[in-house]
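# Understanding the architecture of this molecule
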Amino acid sequence: MKSLLFCLLLLTVAGVAQAQVDLFSAARNGDLATLKQAHDAKANLDTTDARGFTPLILAVYNNQPDAATYLLDAGASTAIADGSGNTALMGACFRGYLPMVKLLLTHKAVINQVNRNGASALIFASTFGHADIVRYLLEQKADTSLHDSRGYTALDHARMQENPEIVALLEK
């Protein structure tokens, strides 16, 4: 009887472990059916892979809005950062995905959270020339005074990138 219970326990643990692996792939590829199966199998939606990526970060970074929405609605955290301290919101700002930025902020992403280098979502959007995201973050009260670890603000980055549109937005 003990060996049967042990085998059932192992199968359950193996099933949850497989659900976790499938969760990362499903998030990256926008596979809603697999996301739902993994969630139903009690997979931890906030688990991280070896690089610290959560399924939500992978869904956002790979521009999978349906997967990101599913994960957020199922309770995935917007606050968890990857191994470099980057959140899903920072990834959306880096990649230039305005709809993802809006989705994440609707789900209470912390707009002024900073990574290990002190960079914020606004600094990422400014550095990579995403004026539409800069404009939206400013409307949502992003802090323009935050400095990264080198002492640069979002405005400084916009100036270094010679982006007059973003400079003008940040100088208002």
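Note on numbering: residues in each chain are counted from 1, in written sequence order. In view of the model being predicted, local features appear only for residues whose pLDDT reaches at least 70, and side-chain atom pairs are presented and counted only at 80 or more, with totals across whole chains, interfaces and linings using the full set of residues. As a rule here, side-chain values cover all heavy atoms of the structure and leave hydrogens and water aside.

The protein appears in an unreviewed UniProt entry as Ankyrin repeat domain-containing protein from Spirosoma rhododendri.

## A closer look at the UniProt feature "repeat: ANK" (unreviewed entry) in the protein
Note the following rule: UniProt positions are given in the numbering used here, feature names are shortened, and annotations may be inferred rather than shown by experiment. Starting at the N terminus, helices and strands are each numbered in turn, a helix being any DSSP run of H or I of at least four residues and a strand any DSSP run of E of at least two.
Taking the UniProt record as the reference, the feature "repeat: ANK" (unreviewed entry) is found at residues 51-83, 84-116 and 117-149. Segment residues 84-116 splits into 52% helix and 0% strand. End C-alpha atoms: 6 Å apart.

## A look at the nonpolar core
Our working definition: The set of buried Ala, Val, Leu, Ile, Met, Phe, Trp, Tyr and Cys residues whose side-chain atoms join them within 4.5 Å is what this entry labels a nonpolar core. Relative accessibility under 20% of the residue-type maximum defines a buried residue, over 50% an exposed one, and the middle range a partly exposed one, all with a 1.4 Å probe and only protein chains included. Note that the domain bounds reflect an automated or database-derived domain assignment. Contacts were defined at the residue level, with two residues in contact if any of their heavy atoms lie within 4.5 Å.
The biggest cluster of nonpolar side chains holds 53 residues, and the ones touching the most others in it are Leu56, Leu71, Cys93, Val101, Leu104 and Leu137. Considering each element in turn, this core owes the most residues, 6 residues, to helix α6 (residues 98-106). Summarising the domain contributions, this core has at least three residues from each of domain 1 (1-55) and domain 2 (78-171). Not counting residues up to four positions away in its chain, the partners in contact with Leu104 are Leu56, Val60, Leu72, Thr78, Ala88, Leu89, Ala92 and Ala109.

## Some points on the pattern of salt bridges
We apply this condition: Note on definitions: salt bridges are taken to be side-chain nitrogens of Lys or Arg within 4 Å of carboxyl oxygens of Asp or Glu.
Across all of its chains, the model carries 3 salt bridges by this definition. Salt-bridge contacts for Arg135 lead to Glu165; the nearest nitrogen and oxygen are separated by 3.2 Å. Here Arg135 is found in helix α8 (residues 131-139), whereas its partner Glu165 is found in helix α10 (residues 164-171), with 30 residues between them in sequence. For Arg159, the salt bridge goes to Glu171, with nearest N and O atoms at 2.7 Å.

## Structural notes on the packing of α8 against α10
Test applied: Here an angle of 0 to 180 degrees is reported between the N-to-C directions of two axes, which are lines fitted to C-alpha atoms, with helices fitted over the stretch in contact. Angles are sorted into four bins: roughly parallel if under 35 degrees, roughly antiparallel if over 145, roughly perpendicular if 65 to 115, and oblique for all others. The classification used treats Ala, Val, Leu, Ile, Met, Phe, Trp, Tyr, Cys and Pro as nonpolar, Asp, Glu, Lys and Arg as charged, and all other residues, Gly among them, as polar.
In contact at an axis separation of 10 Å, α8 and α10 are set at 5° when each is read in the N-to-C sense. Judged by the inter-axis angle, α8 sits roughly parallel to α10. Packed against α8, whose contacting residues are Ala131, Val134, Arg135 and Leu138, the element α10 presents Glu165, Ile166, Leu169 and Leu170 at the interface. Taken together, the residues that form the contact of α8 with α10 break down as 6 nonpolar, no polar and 2 charged.

## Side note on the confidence of the model for the protein
Condition: A residue's pLDDT is the confidence the predictor assigns to it, expressed on a 0 to 100 scale.
On average, residues of the protein carry a pLDDT of 90, and 88% of them reach 70 or more. This model gives residues 4-19 a pLDDT under 50, and the stretch forms 4 contacts once residues within four places in sequence are excluded.

## Focus: helix α2 (residues 32-40)
Applicable threshold: To be clear, the arc concerns the directions from the helix axis to the C-beta atoms. Polar contacts, as counted here, are pairs of nitrogen or oxygen atoms within 3.5 Å of one another; within protein the pair requires one atom able to donate a hydrogen and one able to accept it, and residues that are adjacent in sequence qualify only if both atoms are side-chain atoms.
When α2 is considered as a whole, its buried residues turn out to be Thr34, Leu35 and Ala38. Viewed end-on, α2 has its buried residues packed into an arc of 105°, placing them on one side of the element. Among the exposed residues of α2, those pointing more than 90 degrees away from its buried face are Gln37 and Asp40. Regarding α2, its N-cap is Asp31, as a side-chain oxygen of that residue lies 3.3 Å from the backbone nitrogen of Ala33 further along. In the stretch just after α2, Lys42 is the one whose phi turns positive, near 70°.

## Remarks on the environment of Asp82
Mapped onto the elements of the fold, Asp82 is located in the loop between α4 (65-73) and α5 (88-95). Residue class for Asp82 comes out buried when judged on its relative accessible area of 11%. Note: C-alpha distance between Asp82 and Ile57 (25 residues apart in sequence) is 7.9 Å. In this view, Asp82 contacts Arg51, Gly52, Phe53 and Ile57; residues no more than four positions away in its chain are not counted.

## Things to note about the packing of α2 against α4
Defined as follows: Each crossing gets its hand from how the near helix is turned against the far one by less than a right angle, where anticlockwise is left-handed and clockwise is right-handed.
Two elements in contact, α2 and α4, have axes separated by 10 Å at closest approach and are oriented at 20°. What the angle tells us is that α2 and α4 run roughly parallel. For α2 against α4, the interelement crossing comes out right-handed. Where α2 abuts α4, its residues Leu32, Leu35, Lys36 and His39 lie against Asp66, Ala67, Tyr70 and Leu71. Class assignment of the residues belonging to the contact of α2 with α4 gives a composition of 5 nonpolar, 1 polar and 2 charged.

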